[in-house]
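Next come the chains, spelled out residue by residue.
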Amino acid sequence: MKYKSKVFSNNILLRVPYMDICFALLALYLFLFGIEFMMPEGINKTFSSDLKSVVLNLVILLFLITMMLYFLIDGFKPFHVHPFEMCKPDDFILVLLPFTPVAQYVISNQDTLTFYGGGYLIFTSLLLMSLIVIVPVFFSRLISRVLLMCLGLAICFVLVYMPILVLDNSWHKEGEFQFQVILFLFVFSISIFVYKLNDKLLKIMLFVFFITNTMYSILFPTDNFLSNNNSSSYISYKNKMGERFKPLENKVMKAKPDIYLLTYDSYVVNETMLQYGIDNSVQENYLRKNGFKIYNDNYSIAAGTWGTMARILNISLTAPSYEMQTQVFGGESYVHQTLRQQGYELAGILPDEIFWEKRKPTLDYFYPELNNEGYLVIQNSMLKGEFNFDAKQKFGMFNENKFIESKRNFMSKNNHPKFLHSHTGPGHSQNSGKCREDETALFKDRLIKANIEMKDDISTIQKNNPNALIIINGDHGPYLTANCTSIAQGYFLSKNKDFKVSRIDLQDRFGTFLAIKWPKNVKPVDQKLTITQDIFPSVFATLFADKAIFNELSLLPDTRNNAANGVRVKNGIISGGFHNGEKLYLNE
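Since this is a predicted model, take the numbers as computed values, not measurements.

Cut-offs and rules
- Residues numbered from 1 in each chain as written.
- Predicted model: local features only at pLDDT ≥ 70, side-chain atom pairs only at ≥ 80, totals over all residues.
- Heavy atoms only, no water.
- Helix = DSSP H or I, 4+ residues; strand = E, 2+ residues; numbered from the N terminus.
- Buried < 20%, exposed > 50% of the residue type's maximum accessible area, 1.4 Å probe, protein only.
- Contact = heavy atoms within 4.5 Å.
- Areas by Shrake-Rupley, 256 points an atom, 1.4 Å probe, with all protein chains shown as cover.
- Expected span 1.5 Å × (residues − 1).
- Patch = residues over 30% accessible without salt bridge, like charges linked within 9 Å, V, L, I, M, F, W, Y side chains within 5 Å.
- Salt bridge = Lys/Arg side-chain N within 4 Å of Asp/Glu carboxyl O.
- Core = buried A, V, L, I, M, F, W, Y, C linked by side-chain atoms within 4.5 Å.
- Pairing = 2+ DSSP bridges.
- Axes fitted to C-alpha atoms, helices over the stretch in contact; angles between N-to-C directions.
- Disulfide = S-S within 2.5 Å.
- Phe/Tyr/Trp six-rings, centres within 6.5 Å; stacked < 30°, edge-to-face > 60°.

Enquirer: I keep staring at the overall build of the protein and nothing clicks. Help me out?
Expert: A count of helices and strands for the protein gives 22 helices and nine strands. Looking at the protein as a whole, 54% of its 588 residues are labelled buried. Pairs at least 24 apart in sequence give 75% of the contacts found in the protein among residues at least 6 apart. By element, 59% of the accessible surface of the protein is carried by carbon and sulfur atoms, the whole surface being about 26900 Å².

Enquirer: In this structure, what is going on with helix α2 (residues 18-36)? I would like to understand it.
Expert: Along an α-helix, a turn takes 3.6 residues, which lines up residues three or four apart on a common side. When the terminal C-alpha atoms of α2 are compared, their 27 Å separation across 19 residues agrees well with the 27 Å that a helix rising 1.5 Å per residue should span. Taken together, the buried positions of α2 are Y18, M19, D20, C22, A24, L25, L28, Y29, L32, I35 and E36. Contacts made by the buried residues of α2 are with α3 (43-72), α7 (145-169) and α8 (177-219).

Enquirer: Explain a nonpolar patch on the surface to me, please; I cannot follow it from the model alone.
Expert: On the surface, a nonpolar cluster with roughly 970 Å² of combined accessible area is contributed by I93, I204, F207, V208, I211, M215, Y216, I218, L219 and F220. Among the structural elements, M215 can be located in helix α8. Accessibility expressed as a relative area gives 40% for M215, which makes it partly exposed.

Enquirer: Help me out: how do you make sense of the nonpolar core in this one?
Expert: Most often, soluble globular proteins have nonpolar side chains that are buried together. Counting residues in hydrophobic clusters, the biggest one holds 68 residues, and the most contacted among them are L28, F47, M129, I155 and M162. Going through the elements one at a time, α2, α3, α4 (96-108), α5 (115-129), α6 (131-138), α7, α8 and α15 (374-384) are the ones with two or more residues in this core. Among the elements that line this core, the one with the most residues is α7, at 18 residues. Once residues within four sequence positions are removed from consideration, M129 is found in contact with V95, P98, F99, V102, C156 and V160. One finds V269, L447, A515 and A563 within the second-largest nonpolar core, a separate group that totals 49 residues.

Enquirer: Is there a simple way to explain the sheet that holds strand β3 (residues 345-349) in this structure?
Expert: By definition, the strands of a sheet pair up through backbone hydrogen bonds, in either a parallel or an antiparallel sense. Strand order in the open sheet formed by seven strands is β2-β7-β6-β1-β5-β3-β4, with mixed pairing between adjacent strands. Edge positions in the open sheet fall to β2 (293-294) and β4 (365-367), since each of these has one partner strand only. Relative to strand β7 (residues 514-517), strand β6 (residues 469-473) runs antiparallel, the two sharing four bridges. Among the inter-strand pairings, I470 is bridged to a residue of β7, identified as K517. This element, helix α17 (residues 400-411), spans β1 (259-264), β3, β4 and β5 (418-424) of the sheet and lies at about 160° to β5.

Enquirer: Sorry, what's going on with the pattern of salt bridges here?
Expert: Charged atoms that come close allow side chains of opposite charge to pair. Inspection of every chain in the model, using the stated rule, returns 21 salt bridges. D90 is the partner of K200 in a salt bridge, and the nearest nitrogen-oxygen pair spans 3.3 Å. Of this pair, K200 sits in helix α8 while D90 sits in the loop between α3 and α4, and the two are 110 residues apart along the sequence. By relative accessible area, D90 is classed as partly exposed at 23%. Residues D91 and R145 are paired through a salt bridge, measuring 3.0 Å at the closest nitrogen-oxygen approach. With D91 in the loop between α3 and α4 and R145 in helix α7, this residue pair connects regions lying 54 residues apart in the sequence. Here D91 and R145 have matching classes, each one buried. Each of E85, K88, D90, D91, R145, D199, K200 and K203 takes part in one network of salt bridges that share partners.

Enquirer: What's the story with the state of the cysteines in this structure? I'm lost.
Expert: A covalent bond between the sulfur atoms of two cysteines is what we call a disulfide. If you walk through the whole model with that rule in mind, you get one disulfide. The disulfide partner of C435 is C484, and the gap between their sulfur atoms is 2.0 Å. Measuring the twist about the S-S bond at about 110°, one finds the C435-C484 disulfide to be right-handed. Here C435, found in the loop between β5 and α18 (439-464), pairs with C484, found in the loop between β6 and α19 (490-495); they are 49 residues apart in sequence, far enough to count as distant. Judged by its relative accessible area of 0%, C484 falls in the buried class.

Enquirer: Can you walk me through the packing of aromatic side chains in this structure?
Expert: Where two aromatic rings form a pair, the distance of their centres and the angle of their planes describe that pair. Taken as a whole and assessed by the stated rule, the structure comprises twelve aromatic pairs. Ring centres of F47 and F177 lie 6.0 Å apart, and the angle between their planes is 50°; on these two criteria the pair is classed as tilted. Residue F47 is found in helix α3, and its partner F177 is found in helix α8; the two are separated by 130 residues along the sequence. Measuring from ring centre to ring centre gives 6.3 Å for Y276 and F443, while their planes differ by 75°; the resulting arrangement is edge-to-face. One end of the pair, Y276, is in the loop between α10 (270-275) and α11 (281-289); the other, F443, is in helix α18, and 167 residues separate them in sequence. According to the relative accessible area criterion, Y276 is buried, its value standing at 13%. F443 sits in the buried class, given a relative accessible area of 0%.

Enquirer: Any chance you could explain the pairing of β1 here in plain terms?
Expert: Looking down a regular strand, the side chains alternate between one sheet face and the other. Taken across its six residues, β1 has six buried, putting it largely inside the fold. Side chains I259, L261 and T263 of β1 all project onto a buried face; the interleaved residues Y260, L262 and Y264 project onto the opposite face, where all are buried too. When β1 meets β5, the two strands line up parallel, connected through six bridges. What sits directly across from T263, in β5, is H423. Sheet topology note: the β1/β6 ladder contains five bridges and is parallel. Within β6, the position partnered with T263 by the bridge is N473.

Enquirer: Got a minute to help me understand unusual backbone geometry in this structure?
Expert: Note on backbone geometry: most residues besides glycine have negative phi, and most peptide bonds are trans. In this model, H416 is joined to P417 through a cis peptide bond whose omega is -5°. With respect to the helices, strands and loops of the structure, P417 is situated in the loop between α17 and β5. Residue P426 is bonded to the preceding G425 through a cis peptide linkage, with omega at 15°. Here P426 shows up in the loop between β5 and α18. The residue S266 is not glycine, and still its phi comes out positive at about 70°. With respect to the secondary-structure elements, S266 resides in the loop between β1 and α10. Its relative accessible area of 0% is what places S266 among the buried residues.

Written out as structure tokens, the structure is:
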């Protein structure tokens with residue numbers, strides 16, 4: 001039996017377009033269901049899955065309420081047929097809302113993107129996002145076009161904006177769902193309210209938002225991203241540094257062994273490993289049995305791959321700017337130039353063409369080749385919802401077998417003398433600013449794999465040239481303590497106000513590993529070799545048989561990076577923090 005009542009008939013609850021909202025939410029559910037299949041595992045997929053469950057429950061609830069009102073209230077109309085409504089031509093300006101983060105990613109990742117790749121991302125993003133305006137037209141008789149369009153704008157913006165939220169909030173794999181939903185509802189509410197109030201006002205607001213954000217990204221680019229490949233600036237930098245290298249001019253090496261600089265990312269000495277609960281003594285004993293000398297007190301004056309390795313290859317306290325660093329790795333460093341003058345064949349076998357930064361290396365042999373697939377990394381990272389340092393490996397753009405094959409092929413060549421710089425695992429944590437529960441266990445798994453690769457590298461070299469000079473080095477620590485990234489990040493410190501940087505935190509960031517197998521016919525000049533940046537002052541002093549070269553080229557052993565909230569290491573002694581004035585390594 002249905003009730004007739006003026007109270008009911010005039011009640012605002014009966015004028016709510018229940019089925020409109022129900023259909024709109026059902027459309028949102030189907031959208032989330034569909035894009036889940038497109039997304040790699042990550043924050044966006046987790047958010048979409050969680051939101052999809054909430055939306056489905058709301059659809060069921062609204063449907064039940066609608067049916068209840070329909071059977072109880074006489075004259076209640078649950079469904080209204082809308083007139084067919086075309087979109088306005090200037091509605092496409094609304095697409096600038098979700099497109100703004102895309103423009104920011106394109107601008108900030110010029111090191112990865114070619115002109116074609118950037119154009120592809122811009123074109124495909126605008127094309128797909130235009131569907132947010134077009135698709136609601138076809139359903140306008142069933143669902144309010146504006147309602148469905150604003151839902152699409154809001155969800156698309158949140159998904160595309162997610163990598164920025166991840167960076168700002170130190171999320172990894174999953175974010176704060178309540179915060180994400182609040183942002184979605186906020187964007188949706190503002191969009192539909194202002195559109196209905198004055199759609200031109202909303203369009204002006206979004207156009208201004210797009211222009212200001214894009215101009216800011218251009219004028220104030222993210223550090224270590226925007227690159228100009230300015231070769232003249234690098235020449236200027238080299239000229240300033242050149243005075244330091246006069247001791248090597250017109251000199252001839254007394255010995256010219258093959259030189260292998262085998263860098264194992266985030267590899268540290270066993271004193272540090274033991275504090276993670278990992279015993280790497282078997283590997284260290286293997287190295288000693290094969291003629292390596294391990295330098296247990298070694299650390300880097302920088303706390304990242306680029307800062308460490310650019311300083312090693314250029315033998316400099318300061319690292320050149322980003323676009324110059326790519327030329328350092330690509331064969332223009334002082335180490336490369338010195339060895340080139342001595343008749344060495346030069347090779348660089350690295351895990352990512354980002355080290356070349358779209359500029360062909362001047363090396364005799366290099367891997368990987370330049371390609372234009374960087375747009376796929378950006379595209380997949382956006383779908384995932386976060387940008388990771390190892391994105392290319394995760395998205396299948398790193399061919400590990402080809403990398404190892406290229407390395408071993410060069411090691412087996414009979415050309416002498418030759419120099420190889422390679423870079424491989426185990427690799428550091430994911431650097432989100434939040435440690436995963438199994439962070440150390442994951443590092444241990446990667447370490448086991450890296451140790452096998454190291455043994456195979458050494459075996460390959462020794463079969464071809466048993467008297468080669470082999471350098472095994474780490475570039476920085478694995479970042480497994482505190483927040484698993486730079487402790488200078490404010491979010492971690494704001495949550496842990498009593499935190500004090502300790503010895504293990506410094507070893508975990510600046511600590512490295514160094515083992516060298518010196519040729520039998522040389523006398524090593526390595527008595528003061530305490531920082532990785534002094535590797536080649538020691539090598540050159542040894543091969544030129546001139547101790548003065550080490551004194552001339554060696555660097556101040558003071559850390560330069562603020563990875564530990566201002567706590568530094570000066571000549572092996574901790575400055576600041578919990579262990580102020582104590583040694584970085586105890587060697588117990």
